[in-house]
Amino acid sequence: MTEPTEAREIDPAMRLQAQKRRNMWLALALIAFVVTVGVSTAVRIQETDFSGTDRLYFSGYLDEAATEKANREAQERAEARKAEIMATEPQAQPAEATEASDE
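Residues numbered from 1 in each chain as written. Predicted model: local features only at pLDDT ≥ 70, side-chain atom pairs only at ≥ 80, totals over all residues. Heavy atoms only, no water.

Trainee: Tell me about the overall build of the chain, and please be specific about residues and values.
Mentor: Along its length, the chain carries four helices and zero strands. Beginning at the N terminus, the succession of helices and strands in the chain can be written as α-α-α-α. Looking at the chain as shown, the accessible area adds up to about 9800 Å², and 59% of this sits on carbon and sulfur atoms. (Helix = DSSP H or I, 4+ residues; strand = E, 2+ residues; numbered from the N terminus. Areas by Shrake-Rupley, 256 points an atom, 1.4 Å probe, with all protein chains shown as cover.)

Rendered as structure tokens:
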């Protein structure tokens, strides 16, 4: 019932050929993986905003926080500009003072 050891032996040339075929498929799989990772990284880098804000290299859930921060900063700048304009304009004199100086 058991086969003799000679029958289970595989020809060394066939074994080498099968090994080369497996190595080729393994190499192709590895190359495909490296290309996939490289392409996905390149795509993500192209979408990155390198403006110096506190954002990660992907834009997703942080968009709302960035918009909120930009709105706050714009409002602060507008208030500062308004205060600056108010400080540089001459103070309106009360009407009584101008009438007294006319007489």
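Having seen the structure, we can now continue with the description.
Trainee: Can you tell me about the pattern of salt bridges, naming the residues and giving the values?
Mentor: Any two side chains of opposite charge can pair if their charged atoms end up close together. Scanning all chains against the criterion turns up one salt bridge. Two residues, R81 and E84, come together in a salt bridge whose shortest N-O distance is 2.9 Å. In this pair, R81 and E84 both sit in helix α3 (residues 63-88), three residues apart, roughly one turn of the helix. Residue classification places R81 among the partly exposed positions, given a relative accessible area of 48%. By relative accessible area, E84 is classed as partly exposed at 44%. (Salt bridge = Lys/Arg side-chain N within 4 Å of Asp/Glu carboxyl O. Buried < 20%, exposed > 50% of the residue type's maximum accessible area, 1.4 Å probe, protein only.)

Trainee: I'd love a proper account of the confidence of the model for the chain, names of residues and values included.
Mentor: Confidence along the chain averages 79 in pLDDT terms, with 66% of residues attaining 70 or more. The element-level mean pLDDT for the chain is lowest in helix α4 (residues 95-102), coming to 57, with helix α2 (residues 12-46) highest at 94. (pLDDT = per-residue confidence, 0-100.)

Trainee: Outline a nonpolar patch on the surface, listing residues and values.
Mentor: On the surface, L30, F33, V34 and V37 cluster together to form a nonpolar patch covering roughly 390 Å² of accessible area. For L30, the location among the structural elements is in helix α2. On the basis of relative accessibility, which here comes to 54%, the residue L30 falls in the exposed class. (Patch = residues over 30% accessible without salt bridge, like charges linked within 9 Å, V, L, I, M, F, W, Y side chains within 5 Å.)

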